[in-house]
Number of protein chains: 2
Amino acid sequence: MFDFWANLVSAIAATLTTLAFVPQALHIIRHKETRAISLWMYITFASGVAAWLTFGIMIWNWPMMIANTITLSLALAILGMKIRYG
Amino acid sequence: MFDFWANLVSAIAATLTTLAFVPQALHIIRHKETRAISLWMYITFASGVAAWLTFGIMIWNWPMMIANTITLSLALAILGMKIRYG
């Protein structure tokens, strides 16, 4: 029973912290403007997510691998747009 | 030996994904401008980090509790500034 709730809460958490970057990416695509976005945030964040992905591979945990691959792609897309439009 | 590397990689990951929001918060404090920041990103992200914090409390894992408390504070500060300056 505890495992059910722990898995549910972590699945909700992983989904929200991953999908959060979708509206940010769409916002930049729509407005082609990134002045308020911090370059260092996305360099640091993408490095951290790459480390989480490495950890997910080390412990061979599929949800971690999938969630971090999606988050890393979104963070790199936002970083690329910051460099392009910044 | 595996535990040492797994702990090291996850500690680096947690540090980077938490500290990443510091330059973003400072960037907004300095420029008082948030047009490119997505309101929905920070609403969704803060909700997700709150769920990660709940999970950390459920499994009583101190590093998760500390990292997510810091990340949640930073995400809420950025959300507050988005609402204020947006």
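Cut-offs used in this document
Residues numbered from 1 in each chain as written. Chains lettered and ligands numbered in written order. Predicted model: local features only at pLDDT ≥ 70, side-chain atom pairs only at ≥ 80, totals over all residues. Heavy atoms only, no water. Phe/Tyr/Trp six-rings, centres within 6.5 Å; stacked < 30°, edge-to-face > 60°. Helix = DSSP H or I, 4+ residues; strand = E, 2+ residues; numbered from the N terminus. Buried < 20%, exposed > 50% of the residue type's maximum accessible area, 1.4 Å probe, protein only. Expected span 1.5 Å × (residues − 1). Contact = heavy atoms within 4.5 Å. Polar contact = N/O pair within 3.5 Å; in protein donor to acceptor, adjacent residues only side chain to side chain. Arc of directions from axis to C-beta. UniProt positions renumbered as here; feature names shortened; annotations may be inferred. Axes fitted to C-alpha atoms, helices over the stretch in contact; angles between N-to-C directions. Parallel < 35°, antiparallel > 145°, perpendicular 65-115°, else oblique. Nonpolar A, V, L, I, M, F, W, Y, C, P; charged D, E, K, R; others polar. 1 Å grid on protein atoms, 1.4 Å probe; cavity = no way out; pocket = protein on both sides within 12 Å on 5 of 7 lines; lining within 4 Å. Points joined across faces, edges and corners; volume = space filled by probe spheres on them.

1. Description of the packing of aromatic side chains
Pairs of aromatic rings are described using the distance from one ring centre to the other and the angle between the two planes. Scanning all chains against the criterion turns up 13 aromatic pairs over all chains. Between Phe21(A) and Phe45(B), the ring centres sit 5.7 Å apart and the planes meet at 70°, which makes this aromatic pair edge-to-face. Of this pair, Phe21(A) sits in helix H2 (residues 21-31) while Phe45(B) is found in helix H3 (residues 39-58), placing the two residues in two different chains. For the residue pair Phe21(A) and Phe45(B), the accessibility class agrees, reading buried in each case. Measuring from centroid to centroid gives 5.8 Å for Trp60(B) and Trp62(B), while their planes differ by 75°, and the two rings are edge-to-face.

2. Regarding helix H4 (residues 62-85) of chain B
All names here are of chain B. Taking 1.5 Å as the rise per residue, H4 with 24 residues should run 34 Å; its terminal C-alpha atoms sit 34 Å apart, in good agreement. Among the residues making up H4, those that are buried are Met65, Ala67, Asn68, Thr71, Leu72, Leu74, Ala75, Ile78, Leu79, Met81 and Lys82. Those residues of H4 that are buried are in contact with helix H1 (2-19), helix H2 (21-31) and H3. Residue Asn61 occupies the N-cap position of H4, its side-chain oxygen lying 2.9 Å from the main-chain nitrogen of Met64.

3. Digging into H2(A)
An α-helical turn contains 3.6 residues, so a residue and the one three or four places further along point in the same direction. The set of residues buried in H2(A) consists of Phe21(A), Gln24(A), Ala25(A), His27(A) and Ile28(A). Around the axis of H2(A), the buried residues are gathered within 155° of arc, so they sit on the same side. Looking at the buried positions of H2(A), the neighbouring elements they touch are helix H1 (2-19), helix H3 (39-58) and helix H4 (62-85) of chain A together with H3 of chain B. Immediately downstream of H2(A), the backbone of Lys32(A) shows phi near 50°, a positive value.

4. Comments concerning the UniProt feature "transmembrane region" (unreviewed entry) in chain A
Within this structure's numbering, the places UniProt gives as "transmembrane region" (unreviewed entry) are residues 6-27, 39-60 and 66-85 of chain A. Helix makes up 100% of residues 66-85 of chain A and strand makes up 0%, while its end C-alpha atoms are separated by 29 Å.

5. Focus on the packing of H1(B) against H2(B)
All names here are of chain B. Closest axis-to-axis distance for the H1/H2 pair is 5 Å, and the angle between their directions is 10°. The angle between H1 and H2 falls in the class roughly parallel. Residues Thr17, Thr18 and Leu19 of H1 form the contact with H2, whose own contacting residues are Phe21, Val22 and Pro23. For the contact of H1 with H2, the residue count by class is four nonpolar, two polar and no charged.

6. With respect to the layout of surface pockets
Left-over empty space is what a probe sized like a water molecule reveals as it rolls over the atoms. Looking at the largest pocket, its volume works out to about 1,100 Å³. Residue lining of the largest pocket: 38 residues in total, with Trp52(A), Met64(A), Asn68(A), Trp52(B) and Met64(B) positioned closest to the centre. Of all the secondary-structure elements, those providing two or more residues to the lining of the largest pocket are H1, H3 and H4 of chain A together with H1, H3 and H4 of chain B. Looking at the lining of the largest pocket, the element that brings in the most residues is H1(B), giving eight residues.

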